[in-house]
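Geometric and topological summary
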Amino acid sequence: MPLYKRKPFALLDPPQDLDPNELVFQIRFTKEMFRDYQEYLKRLNLYRKRVWTCKTSGKTNLTYEEALVSEHRAVEKVQQFPKELMAPVLHMVQYSTLGIDKLVNNIYSKLQEGYFEGLELHGKKDESVFACKILKVLEDGEATLYEVGWLDRDKKVTGTSTVKAEDLIRKKPPLSRHMIKVFIRDSTSRNFPWVVHETLAKKHGISTQPPENFENIKKRKGTENGTMGNMKKLKRGEENPTKNVVKYPIDDLLVQPSADDPILTKRPPLSTEFRVPMDCVGDFLMVWDFCSSFGRFLHLSPFSLTDFENALCHKESNIVLIVEIHAAIFRLLIKDEGEYFTVMQNKKRNSKITLVKWTEYLLDFLEMDNREKFSKALITTDIREKLDERIEQQQALRATKREETRKKKEEQELGKDESEIKERNQKHILGNCNGKHKSDSLKGEHKGKDKDKEVEKKKPEETQVHSNENLDREIEKLSIRTSSLGKDRNYNRYWLFRREGRLFVESSDSKQWGYYTTKEELDALIGSLNQKGVRERALKRQLEKFYQKISMALEKRTKDIAKRSYSKRLCCDGPLVFGPNLGITQHGIPQIRKQVEGDLI
């Protein structure tokens, strides 16, 4: 029967007082029956998990049914085990303390070297070689002779002879290692020491009397298992051999300081300067990320996170941005012709949203009973179609990238083969050339061609790199979801939003937020992560993978802030100029977005 986590597993008995006409749930491959459907599902799901081991072959990570099939196949192999070899092999197995691999190798070697009764091989007879079978081993003083029976095509004994060991020939091993391993597992009831099944032992005349030190061997098993890790440490020359070896990475909270730890930098403090309340930062970032991702679809001009934050706090009176965002969302809901559209029709609202009357549309929305499900515009048909379209485009680009990579690999393999053929031909030509001058000229000519070929080789490789980079950029542009880079020891999540040059950090309970703004802080953060923990190791890999991208975003934001500060200083001295779109500018520098009192559509 299959082993559950390498231990025997008992099947359930049928329910008591089972009526012959009672309906039950039965598992097909174990025949277990259940009255309760939930209990049936629970048991079935256990059998579907990859926690089972084939008792005969030792295969692991199987489902219960896979383990059953494996056992059936292994039993079929055991039945093919030569009967004449069973007794010699079981004698070597009984009460052995070797591990399975060492025991198999030991038996395999002895079967290769020794000759014993029942072994089929070949022998020399009348200066020819014939198939034979050892019938008896004869001890004649110091020499050992063998009585063999000569076999015909049907493996029947046609005659006998006495031969020496040097007259016996093995053309192939009597058994494979795999066959020996399967036979051992199927023939034993325990593995330290190995104990042959009692019925098999009696059948083949194998002693079932344990050796004198049998009890000591059993006691030693626990000690050996407990000290194995310490022995490995001693071999490596490590200190404290009594401690268990810890295999990293482990859960970050279980990591303890040790002498071999690398020096970690101090984690830089987070900036927490937000104009919006701290408990609103998460929603604030989510809304901005949505507007940034679907800005073109919503007919919104690009705007920074700082612009959005200033608008929410009514700083610099930039109410136009808030109006535009609301108008874009309301237009989306109206176009969807759902419940909000019905409300607009009942109130006979004009479908055109203006700067003056936009608050009326907001109040209508807030008065809806089930407005919670409209709190995200993702439910609208247009957005869903846009999402599907982007996903299809991403899949197409990824398929293109895979195809280009495959073609490039084929071209490289083909070019390598052609290069080797040309090189062999060139060597052949040079070898047949007479005269140093001719040889030198040919060598020079071939060197020139080789250089040209190297240049030609480099060009497609560079093209391939640029092509992959372009595809990666296009795939990133189509991304519709911002995922966190990872978590640190305390489950704080790290976020990098497109079009925003800050690395945000969200607390595990999502109540606190902070951010980093400089490359120096990024370097210090990476240096503070302990790779012995699973979370910080994964986070460090992500930060290192996108290091260039994050660094450039941080530096760009720093430069943009410096430019804006310089522009504001210029604004203090110059006159106001009204542009053609009524947008107020200062020395040609945009100050406020397109602002009109009329229709925003």
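For the structure itself, consult the block above.
This one's a predicted model, so the numbers in the text were calculated from it and none came from an experiment.

Take the sheet that holds strand 8 (residues 143-151) next. The pairing of strands in a sheet happens through backbone hydrogen bonds and is either parallel or antiparallel. Reading across the sheet, the 5 strands line up as 9-8-7-6-10 and stay open at both edges, with antiparallel pairing between neighbours. Strand pairing shows two members of the sheet lacking a second neighbour, strand 9 (157-164) and strand 10 (168-169), which therefore form its edges. When strand 6 (residues 120-125) meets strand 10, the two strands line up antiparallel, connected through 2 bridges. Across the sheet, His 122 pairs through a bridge with Ile 169, a residue of strand 10.

Applying the stated criterion to the full structure yields 25 aromatic pairs. Ring centres of Phe 284 and Phe 308 lie 5.5 Å apart, and the angle between their planes is 20°; on these two criteria the pair is classed as stacked. Here Phe 308 lies in helix 9 (residues 305-312) and Phe 284 lies in helix 8 (residues 281-293), a separation of 24 residues in the sequence. Over the ring of Tyr 515 we find Arg 502; its NZ or CZ atom is 4.7 Å from the centre of that ring. Its end group placed over the ring of Tyr 491, Arg 535 keeps NZ or CZ at 3.8 Å from the ring centre.

With that out of the way, let us pick up the packing of helix 4 (residues 100-113) against helix 5 (residues 177-187). In the contact formed by helix 4 and helix 5, the axes pass within 9 Å of each other and the chain directions differ by 120°. Between helix 4 and helix 5, the angle falls in the class oblique. Seen from above, helix 4 lies across helix 5 with right-handed handedness. The residues of helix 5 that touch helix 4, namely those facing Ile 100, Asp 101, Leu 103, Val 104, Asn 105, Ile 107, Tyr 108 and Leu 111, are Arg 177, Ile 180, Lys 181, Ile 184 and Arg 185. Residues belonging to the contact of helix 4 with helix 5 are distributed by class as follows: 8 nonpolar, 1 polar and 4 charged.

Looking now at the pairing of strand 15 (residues 503-506). Of the two faces of strand 15, both are covered, the one formed by Leu 503 and Val 505 as well as the one formed by Phe 504 and Glu 506. In this structure, strand 14 (residues 493-496) lies alongside strand 15, joined through 4 bridges in antiparallel fashion. Residue pairing in the sheet places Trp 495 in a bridge with Phe 504 of strand 15. Counted between consecutive antiparallel strands, the loop separating strand 15 from strand 16 (residues 513-516) contains 6 residues, among which Ser 510 sits at a positive phi close to 65°.

To continue, consider the sheet that holds strand 1 (residues 3-4). Overall, antiparallel pairing links the 3 strands, which are arranged 2-1-5 in an open sheet. The open sheet terminates on both sides in strands that have one partner only, identified here as strand 2 (7-8) and strand 5 (52-53).

This part covers the nonpolar core. Leu 285, Phe 303, Tyr 340 and Phe 504 are the most contacted members of the largest nonpolar core, which totals 38 residues. Looking at this core, the elements that each hand over two or more residues are helix 8, helix 9, helix 10 (319-335), helix 11 (339-346), helix 12 (358-366) and strand 16. The dominant element in this core, judged by the number of residues it contributes, is helix 10, at 10 residues. Looking at this core, you find at least three residues from each of domain 3 (265-277 + 482-569) and domain 4 (278-386). In contact with Phe 504, not counting residues within four places along its chain, are Phe 274, Leu 285, Leu 305, Arg 493, Tyr 494, Trp 495, Phe 497, Trp 513, Gly 514 and Tyr 515. Among the nonpolar cores identified, the runner-up in size contains 34 residues, and Leu 85, Val 93, Leu 121 and Val 163 belong to it.

Once that is clear, we can look at the pattern of salt bridges. Scanning the model with the defined rule gives 22 salt bridges in all. The salt bridge involving Glu 120 is made with Lys 155; its shortest N-O contact spans 3.3 Å. A residue pair is termed long-range when its members are at least 10 positions apart, and Glu 120 in strand 6 and Lys 155 in the loop between strand 8 and strand 9 qualify at 35 residues. Residue classification places Glu 120 among the partly exposed residues on the basis of a relative accessible area of 35%. Accessibility expressed as a relative area gives 57% for Lys 155, which makes it exposed.

What follows deals with the environment of Asp 101. The residue Asp 101 is located in helix 4 in this model. Placed 76 residues apart in sequence, Asp 101 and Arg 177 show a C-alpha to C-alpha distance of 9.0 Å.

With that settled, consider the packing of helix 11 against helix 12. The geometry of helix 11 relative to helix 12 is characterised by a closest axis approach of 10 Å and an angle of 120° between their N-to-C directions. With respect to helix 12, the axis of helix 11 lies oblique. For the pair helix 11 and helix 12, the crossing hand works out as right-handed. Within the contact between the two elements, helix 11 uses Tyr 340, Val 343 and Met 344 and helix 12 uses Tyr 361, Asp 364 and Phe 365.

With that out of the way, let us pick up unusual backbone geometry. In this structure, the amide linkage connecting Tyr 248 to the following residue, Pro 249, adopts the cis form with an omega of 5°. With respect to the secondary-structure elements, Pro 249 resides in the loop between helix 7 (214-236) and helix 8. Positive phi, normally seen in glycine, also occurs at His 299, with a value near 65°. In this structure, His 299 sits in the loop between helix 8 and helix 9. In this structure, Ser 510 is a non-glycine residue whose phi angle is positive, near 65°.

Position of Ser 187 among the secondary structure elements: in helix 5. The residues touching Ser 187, leaving out its near neighbours within four places in the chain, are Leu 90, Val 195, Val 196, His 197 and Leu 200.

Calculation rules
- Residues numbered from 1 in each chain as written.
- Predicted model: local features only at pLDDT ≥ 70, side-chain atom pairs only at ≥ 80, totals over all residues.
- Heavy atoms only, no water.
- Pairing = 2+ DSSP bridges.
- Helix = DSSP H or I, 4+ residues; strand = E, 2+ residues; numbered from the N terminus.
- Phe/Tyr/Trp six-rings, centres within 6.5 Å; stacked < 30°, edge-to-face > 60°.
- Lys NZ or Arg CZ within 6 Å of the ring centre and 35° of its normal.
- Axes fitted to C-alpha atoms, helices over the stretch in contact; angles between N-to-C directions.
- Parallel < 35°, antiparallel > 145°, perpendicular 65-115°, else oblique.
- Left-handed = near helix turned anticlockwise from the far one by under 90°.
- Contact = heavy atoms within 4.5 Å.
- Nonpolar A, V, L, I, M, F, W, Y, C, P; charged D, E, K, R; others polar.
- Buried < 20%, exposed > 50% of the residue type's maximum accessible area, 1.4 Å probe, protein only.
- Core = buried A, V, L, I, M, F, W, Y, C linked by side-chain atoms within 4.5 Å.
- Domains from an automatic or database assignment.
- Salt bridge = Lys/Arg side-chain N within 4 Å of Asp/Glu carboxyl O.

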